[in-house]
Amino acid sequence: MIIILDYGSQYSQLIARRVRECNVYSELAAHDISAAKIKELQPEGIILSGGPASVYAKDAPQLDAAILDLGIPILGICYGLQLVVNMLGGQVERRTEKREYGKAALRVDTGSALFVGLEDNFTAWMSHGDSCVRLPDGFRRIASTDSLENAAVENPARKIYGVQFHPEVAHTVKGLDILKNFIFGVCQAQPVWTMANYIETEVQRIRETVSGGKVLLGLSGGVDSTTVAALLHKAIGEQLICMFIDQGFMRKNEARRVVDLISKYMRINLVHIDASRRFMEKVQGVSDPEEKRKRIGNEFVRTFEEEARKIGDFQFLAQGTLYPDVIESAVAGGTQAKTAAKIKTHHNVGGLPEDMKFKLIEPLRWLFKDEVRKLGRELGLHDDLINRHPFPGPGLAIRIIGKITPERVRVLQEADSIVMAEIKAAGWYNKIWQAPVILLPDVRTVGVMGDARTYGMTCAVRCVTSEDAMTARAAHLPWELLEKISSRIINEVPEITRVCYDISSKPPATIEWE
Ligand code: XMP
């Protein structure tokens, strides 16, 4: 394992993902982790991330000095390098010119273990305000640029390395090779982190935790919960019961398709609850977005609770919590099953009441999203399940701006199914992150069809590309495809007479309209 100490860089998670791409497990830890704890975890190497602070700032995040004496290889990146240099008696200075930001031409010493096998110059990505001007005893320079003398340093005897640039970002041309040199060459780690091994370990862990108990899983049809289902099924078979609640705001025929795909390919115990009527009763006529979410969330919890009680006794509740959620709630390294205090069932659609004393099973809590897809593939899930676009818990209800009525749900389902069919047919489905269709509030516009005047609704199509939904851009769909989508919707959904394409980026816009 490689431990990444997080000094607040926007790239900390990316470093962890890069290490894992090399088939070596990596975990993020808070920068104030003690040397004793590190010793206990027995990592093969430690990477200190970058961060926004300056080592001379009053509250500059520190490193337990004893970690430097553990004999475990260390790679400091940007702030991580400056911190080590400063701690070991070197000197770091604020750059007098402006911050260095962007691409820089790097000259490297290929005699260093960090750069062995690479060309002696390549482009690297810099982003820093301070730089290291005097090296601590025992260190030597191994890379420089025209404006930066000590772009990388090493003390091979102590196995301490540092780079001022960011090897984890794609702009650093040989970045991954540098990380590999550190991970395999310096740390001597073995590439054993594979999804096949993950399955083996998790199956074992789940069996030990669950023993003879029963596990309930809320299945939404999304890739996370479906992968959890497949993994749990492999581990405990019939002891798993999955519950799929159709709130009536799924895509056209989607509830049926999810149930069919899952029962056909996975043969798991699946309880399908058609709760569309009771959800519609709760939101009919509601137009405030937060009120919609709240009502749907509450109703979900109520339905889940009622239906779970009907099925029988469960000791465990499984969830598709991912590693980024774990990092965010700062409980990295937590245990597999914890007593549930506050839990979310259906990705931010409400939480279950505290008196439901389930223990939690979260077998994806060590994985990033891209790893979940790999895991799903390794478990043999159908491509249609693995590559599905994310879909919000409250479903189409938050894509109907203004009042929700059964009729408006139906109209949106029709328009949405045309968009889905067309982007799939044109080979765009897997290139985009999401493709919401939004039904605009009751603003009618005039049109003409045949010789007759029309006066109908408007919908917006919003296809976006994104890495993680934090930022997004409108997808540059070919004009012909957009025209085809528009023409099909207007011809086949008589209630809609105008189609717009939403070209706003996130930020400042969000992906969903509500
Ligand atoms: P925004 O609209 O904030 O969406 O850019 C980011 C991602 O989150 C999804 N989303 C939701 N998912 N319940 C969910 O389960 C919700 O209430 C919700 N709102 C937004 C959205 O589809 C996108 O993937």
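Residues numbered from 1 in each chain as written. Predicted model: local features only at pLDDT ≥ 70, side-chain atom pairs only at ≥ 80, totals over all residues. Heavy atoms only, no water.

- If you look the protein chain up in an unreviewed UniProt entry, it shows as GMP synthase [glutamine-hydrolyzing] from Termititenax aidoneus.
- Check the Function (unreviewed entry) section of the UniProt entry for the protein chain; it says "Catalyzes the synthesis of GMP from XMP."
- Listed in UniProt under the heading Subunit (unreviewed entry), the comment for the protein chain reads: "Homodimer." (UniProt positions renumbered as here; feature names shortened; annotations may be inferred.)

**Brief notes about the nonpolar core**
- In terms of nonpolar packing, the biggest core is built from 48 residues, with Phe249, Ile423, Ile489 and Ile496 touching the most fellow members.
- At the level of elements, β13 (240-246), α8 (276-283), α9 (289-311), α13 (406-425), β19 (437-439), β21 (452-461) and α14 (479-492) are the ones that each hand at least two residues to this core.
- If one sorts the elements of this core by residue count, α13 sits on top with eight residues. (Core = buried A, V, L, I, M, F, W, Y, C linked by side-chain atoms within 4.5 Å. Buried < 20%, exposed > 50% of the residue type's maximum accessible area, 1.4 Å probe, protein only. Helix = DSSP H or I, 4+ residues; strand = E, 2+ residues; numbered from the N terminus.)

**Observations regarding the UniProt feature "binding site: ATP" (unreviewed entry) in the protein chain**
- Look at the UniProt record and you will see "binding site: ATP" (unreviewed entry) annotated at Ser220, Gly221, Gly222, Val223, Asp224, Ser225 and Thr226.
- With respect to the helices and strands, the residue Gly221 is situated in the loop between β12 (215-218) and α6 (223-236).
- Apart from residues lying up to four places away in sequence, Gly221 is in contact with Thr226, Val258, Leu385 and Arg388.
- By secondary structure assignment, the location of Ser225 is in helix α6.
- Filtering out sequence-adjacent residues up to four positions away, Ser225 remains in contact with Leu217, Gly218, Leu219 and Ser220.
- Here Ser220 takes part through its backbone nitrogen, which lies 3.1 Å from a polar atom of the side chain of Ser225. (Contact = heavy atoms within 4.5 Å. Polar contact = N/O pair within 3.5 Å; in protein donor to acceptor, adjacent residues only side chain to side chain.)

**Some words on helix α4 (residues 175-186)**
- Given a rise of 1.5 Å per residue, 12 residues ought to cover 16 Å, and the 16 Å separating the end C-alpha atoms of α4 matches this to within 8%.
- Among all positions of α4, only Gly175, Ile178, Leu179, Asn181, Phe182, Ile183 and Val186 are buried.
- Where α4 is buried, its residues meet β1 (2-6), α1 (12-21), β3 (45-48), β4 (74-77), β7 (121-128) and β11 (160-163). (Expected span 1.5 Å × (residues − 1).)

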